[in-house]
Amino acid sequence: MFGTDPVLLARIQFAFTIGFHIVFPAFSIGLASYLAVLEGLWLTTGRQVFLDLFQYWVKIFAIGFAMGVVSGVVMSYQFGTNWGVFADKAGPIIGPLMGYEVLTAFFLEAGFLGVMLFGMQRVGRGLHFLATSLVAVGTLMSAFWILSANSWMQTPQGYAVGPDGRFVPDDWFAAIFNPSFPYRLAHMVLAAYISVAFVVGAVGAWHLLRDNANQGARTMFSMAMWMAVLVTPIQILAGDQHGLNTLEHQPAKVAAMEGDWETPGANEGEPLVLFATPDMATESNRAALQIPHLGSLVLTHSWNGIIKGLKSWPKADIPHVPVVFFAFRIMVGLGFLMFAVGLAGLVLRWRGRLYDTRWLHRIMVAMGPAGFIALLSGWTVTETGRQPFTVYGLLRTADSASPIGVPGVAVSLLGFVVVYLIVYGAGISFILRLMASPPVPGESGPPRMPIHAAGITPGPAGATEDEQPMPAE
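Residues numbered from 1 in each chain as written. Predicted model: local features only at pLDDT ≥ 70, side-chain atom pairs only at ≥ 80, totals over all residues. Heavy atoms only, no water.

1. What about the overall build of the chain?
Selection rule: Strands are runs of DSSP state E lasting at least two residues, helices are runs of H or I lasting at least four, and both sets are numbered from the N terminus onward. Just to be clear, the radius of gyration here is over C-alpha atoms, and the globule rule we use is 2.2 Å times residues to the power 0.38. Here a residue-residue contact requires only that any non-hydrogen atoms of the pair lie within 4.5 Å. Surface exposure here means Shrake-Rupley accessible area, sampled with a 1.4 Å probe, where a residue is shielded only by the protein chains that are shown.
Along the chain, the regular secondary structure elements total 13 helices and six strands. Computed over its C-alpha atoms, the radius of gyration of the chain comes to 24 Å, within 12% of the 23 Å expected for a compact globule of 473 residues. Overall size of the chain, expressed as C-alpha extent along the three principal axes, is 80 × 60 × 40 Å. Of the contacts made within the chain by residues no fewer than 6 positions apart, 76% connect residues no fewer than 24 positions apart. Accessible area of the chain: about 21,400 Å², with a carbon and sulfur share of 68%.

Structural data, given as structure tokens:
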């Protein structure tokens, strides 16, 4: 199969690179907002611990942000190399939407990132907080445009088909705010916040296991547990609404998520399949464990609601059910598990044992990557569930690929695997090393580097000796 299908290899390459890429922007989205909250709390309360945590996490943010930018560049090139037909046909809509992300979000982030990272001693507190807040806003704007583009591929709207078969915009407002976009934006941003909350909580728990008197570890752990108990149920509700929207616009994807092959008759209701092994050949589930009527209640909020079964579509028009089915259960299972951890933290907080219960700390350390695993599973559901289309119902994946043979795609795929494992392996290793060091009072931020031209630049009037800019070498 791998030796005869260049489209499959191109899909694997895109999945591999976007699997790395999506983690870092999500990390940046959640961590940028967390940094803005920390700096805001420091300014309003004057507590040193919030400044220490800001300086601790801003170094980690800088590395993650850089890795996200680099991995994102690769994605755009793949549209031209492996998916040239898609780029040609959908480019009049996808291209401007991605361009708006650069012109708004990226320029905003680039303009204020330097102030955020290196300007704490060079600008006033208010201006520095503004820079941090604008970087956080920039990450959210980036999510806005990228999710608008991807949502258009899921639920295309506001387009016309030109004489050459290309999709051209005829209503930009409808294209940007397509039917699935608001739900997917909310779901993704909440996922980023929860993912970062569990990373922050895991780091705090790690250090509490070694020194439960560390004030920085106690503060970050407490903040993370509040996020787990308050935001996770909001995410579950947002996911439910997103599922209802998907049922309306992409019913085959929902049927694959639920493992529903048959359309139930009147008053039969759809069972909720807790576990099964979907079989594409026989179009059935093996070893199914299910609860009668509960699928209808969850998906339609009606006891006897009817969900269209997968057999209602031609085999060529449905996604690969096992991948969608199991990825969905990983996402949902981890979501409820994270909520359970948050509830456990709430009970222990009420009992005054939040910082002393070592079993909770160990669980939180183990749950550190849970948010990102759930996020990747959710994106697997979204993208695999859209198959066999790149633009749902309009452009098939098989018709979207560039005319490149197996050797060309295979060599570039192998190159990506080797380079990514080396480069991003080193980057992630460095981030983990930073996380392994405990936050300390008087935490220092990123080191200030010489960024001006050669020569000695006079320092600002009134600066102390320690604040003088360093001469370039």
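2. Thoughts on the packing of helix 7 (residues 215-249) against helix 10 (residues 321-350)
The following threshold applies: Only the contacting stretch of a helix is used when fitting its axis, a line to C-alpha atoms as for every element, and angles between N-to-C directions run 0 to 180 degrees. Any angle that falls under 35 degrees is termed roughly parallel, while one over 145 is termed roughly antiparallel, one within 65 to 115 roughly perpendicular, and all others oblique. Here a crossing is called left-handed whenever its near helix is offset anticlockwise from the far helix by less than a right angle, and right-handed whenever the offset is clockwise.
Between helix 7 and helix 10, whose axes approach to 8 Å, the crossing angle comes to 135°. When the axes of helix 7 and helix 10 are compared, the pair comes out oblique. Two packed elements cross with a definite hand, and for helix 7 against helix 10 that hand is left-handed. Here Ser222, Met225, Trp226, Ala228, Val229, Thr232, Pro233 and Ile236 of helix 7 come into contact with helix 10, specifically with Gly335, Phe336, Met338, Phe339, Val341, Gly342, Leu343, Gly345, Leu346 and Arg349.

3. Topic: the pairing of strand 4 (residues 284-291)
The following threshold applies: Strands are treated as partners if at least two bridges between them are detected by DSSP.
Sheet topology places strand 3 (residues 272-279) next to strand 4; six bridges connect them, and they run antiparallel. In the strand pairing of strand 4, valine 273 is matched with glutamine 290. Connecting strand 3 to the next strand, strand 4, in antiparallel fashion are four residues, including glutamate 283 with a positive phi near 50°.

4. Some remarks on unusual backbone geometry
Note on backbone geometry: most residues besides glycine have negative phi, and most peptide bonds are trans. Following glutamine 387, the chain continues to proline 388 via a peptide bond in cis, the omega torsion being 10°. Locating proline 388 in the fold gives a position in the loop between helix 12 (370-386) and strand 5 (389-391). Phi is positive for glutamate 283, which is not a glycine, with a value near 50°. Phi at alanine 287 is positive, roughly 55°, even though this residue is not glycine. Within the fold, alanine 287 resides in strand 4.

5. Concerning the nonpolar core
Definition in use: Among buried residues, the Ala, Val, Leu, Ile, Met, Phe, Trp, Tyr and Cys ones that are joined through side-chain atoms within 4.5 Å form a nonpolar core. Note on exposure labels: buried denotes an accessible area under 20% of the residue type's maximum, exposed denotes more than 50%, and partly exposed covers the range between, all computed with a 1.4 Å probe on protein chains only.
If you look at the biggest cluster of nonpolar residues, it comprises 53 residues, and the most contacted ones within it are Leu31, Tyr34, Trp57, Phe61 and Met435. Among the secondary structure elements, those contributing two or more residues to this core are helix 1 (6-45), helix 2 (48-81), helix 3 (84-118), helix 4 (125-154), helix 6 (181-210), helix 7, helix 12 and helix 13 (406-436). Beyond its immediate stretch of four places on either side in the chain, tyrosine 34 contacts Leu53, Trp57, Val200, Met220 and Met223. Counting 25 residues, the second-largest nonpolar core is a separate cluster that includes Val7, Ala90, Ala175 and Val406.

6. Concerning the side chain of serine 148
Our working rule: Here a polar contact is recorded for every N or O atom pair within 3.5 Å, except that within protein the pair must consist of a potential hydrogen donor and a potential acceptor, and residues adjacent in sequence are included only if both atoms are side-chain atoms.
Assignment of secondary structure puts serine 148 in helix 4. A polar side-chain atom of serine 148 sits 2.9 Å from the main-chain carbonyl oxygen of isoleucine 176. If we skip the residues at most four places from it in the chain, serine 148 touches Leu97, Ala175, Ile176, Asn178 and Phe181.

7. Considerations on the environment of glycine 99
Examined against the element boundaries, glycine 99 turns out to sit in helix 3. With relative accessibility at 24%, the residue glycine 99 sits in the partly exposed group.

8. Quick notes on the pattern of salt bridges
The test is simple: In the sections that follow, a salt bridge refers to a side-chain nitrogen of Lys or Arg positioned within 4 Å of a carboxyl oxygen of Asp or Glu.
Enumeration over the complete set of coordinates arrives at five salt bridges. Here aspartate 279 and arginine 286 are joined by a salt bridge, their closest N and O atoms 3.4 Å apart. Where arginine 396 meets aspartate 317, a salt bridge forms, and the shortest distance between an N and an O atom there is 2.3 Å. Taken together, the positions of arginine 396 in strand 6 (residues 395-396) and aspartate 317 in the loop between helix 9 (294-300) and helix 10 put the pair 79 residues apart, joining distant regions of the chain. Looking at aspartate 317, the relative accessible area reads 21%, which means it is partly exposed.

9. As for helix 6
Stated formally: A helix's residues, less one, multiplied by 1.5 Å, set its expected span.
Counted at 1.5 Å a residue, the expected span for helix 6 with its 30 residues is 44 Å, and the 44 Å between its end C-alpha atoms agrees. Taking burial as the measure, the 30 residues of helix 6 include 24 buried ones, the bulk of the element.

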